[in-house]
Amino acid sequence: QVQLVESGGGLVQPGGSLKLSCAPSGSIFRLSAMGWYRQAPGKQRELVASIIIGVETNYADSVKGRFTISRDNTNNMLSLQMNSLKPEDTAVYYCNARSEAPSGTRDYWGQGTQVTVSS
């Protein structure tokens, strides 16, 4: 069972920066996409940024121009560089990896890492 291990969360002041990382514990068969989601208290989990491998990169409107997603092709390590952080960015951030095989689609999730933006 492949696990996604996240790191890099923490407490930062408004306007500051953080970088999240996500490392798969093994290879994922037929990996098709990777992304970052977040969930704030009392809210639904939402997509922050994603990479559809070999196709495109997508960002939520609320983070465009501030966040950058990247993926290392050699080991599928995923990163999220977050700049100009705002209090509304406070949430638990989750790494996601999706595989698509003839047998069906499978999603892998990390355990989540807390990001708190506060003065």
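Anything mentioned here points back to the structure above.
To start, this report covers the structure provided alongside it. Note that the coordinates shown come from a computational prediction; the quantities given were computed from them, not determined experimentally. (Residues numbered from 1 in each chain as written. Predicted model: local features only at pLDDT ≥ 70, side-chain atom pairs only at ≥ 80, totals over all residues. Heavy atoms only, no water.)

## Brief notes about the overall build of the chain
And step 1. When its secondary structure is counted, the chain shows 0 helices and 11 strands.
And step 2. Listed N to C, the secondary structure of the chain is β-β-β-β-β-β-β-β-β-β-β in terms of helices and strands.
And step 3. For 119 residues, the compact-globule estimate of 2.2 N^0.38 gives 14 Å, and the C-alpha radius of gyration of the chain, at 14 Å, lies within 12% of that figure.
And step 4. Sorting the 119 residues of the chain into buried and exposed places 40% on the buried side.
And step 5. For the chain, restricting intrachain contacts to residue pairs at least 6 apart in sequence, the fraction spanning at least 24 positions comes to 54%.
And step 6. Here the chain displays about 6,500 Å² of accessible surface, and carbon together with sulfur accounts for 46% of that area.
And step 7. Of note, the chain has its 11 positive side-chain charges centred 1 Å away from the centre of its 9 negative side-chain charges. (Helix = DSSP H or I, 4+ residues; strand = E, 2+ residues; numbered from the N terminus. Rg over C-alpha atoms; globule rule 2.2 N^0.38 Å. Buried < 20%, exposed > 50% of the residue type's maximum accessible area, 1.4 Å probe, protein only. Contact = heavy atoms within 4.5 Å. Areas by Shrake-Rupley, 256 points an atom, 1.4 Å probe, with all protein chains shown as cover. Lys, Arg positive; Asp, Glu negative; His and termini not counted. Charge placed at Lys NZ, Arg CZ, Asp CG, Glu CD.)

## Quick word on the pairing of strand β1 (residues 4–7)
If a strand is regular, its side chains alternate between the two faces of the sheet.
And step 1. Because side chains alternate across β1, one face comprises the buried residues Leu4 and Glu6, and the other comprises Val5 and Ser7, none of which is buried.
And step 2. Bridge count between β1 and strand β3 (residues 18–24): 4 bridges; the pairing is antiparallel. Paired with Ser7 across the strands is Ser21, a residue of β3. (Pairing = 2+ DSSP bridges.)

## Describing the environment of Cys95
And step 1. The residue Cys95 is located in strand β9 (residues 91–101) in this model.
And step 2. Residue Cys95 is classed as buried on the basis of its relative accessible area, which comes to 0%.
And step 3. For Cys95 and Cys22, which are 73 residues apart along the polypeptide, the C-alpha to C-alpha distance reads 6.3 Å.
And step 4. For Cys95, the residues in contact, after removing those within four places along its chain, are Leu4, Glu6, Cys22, Gly35, Trp36, Leu78, Tyr108, Trp109 and Gly110.

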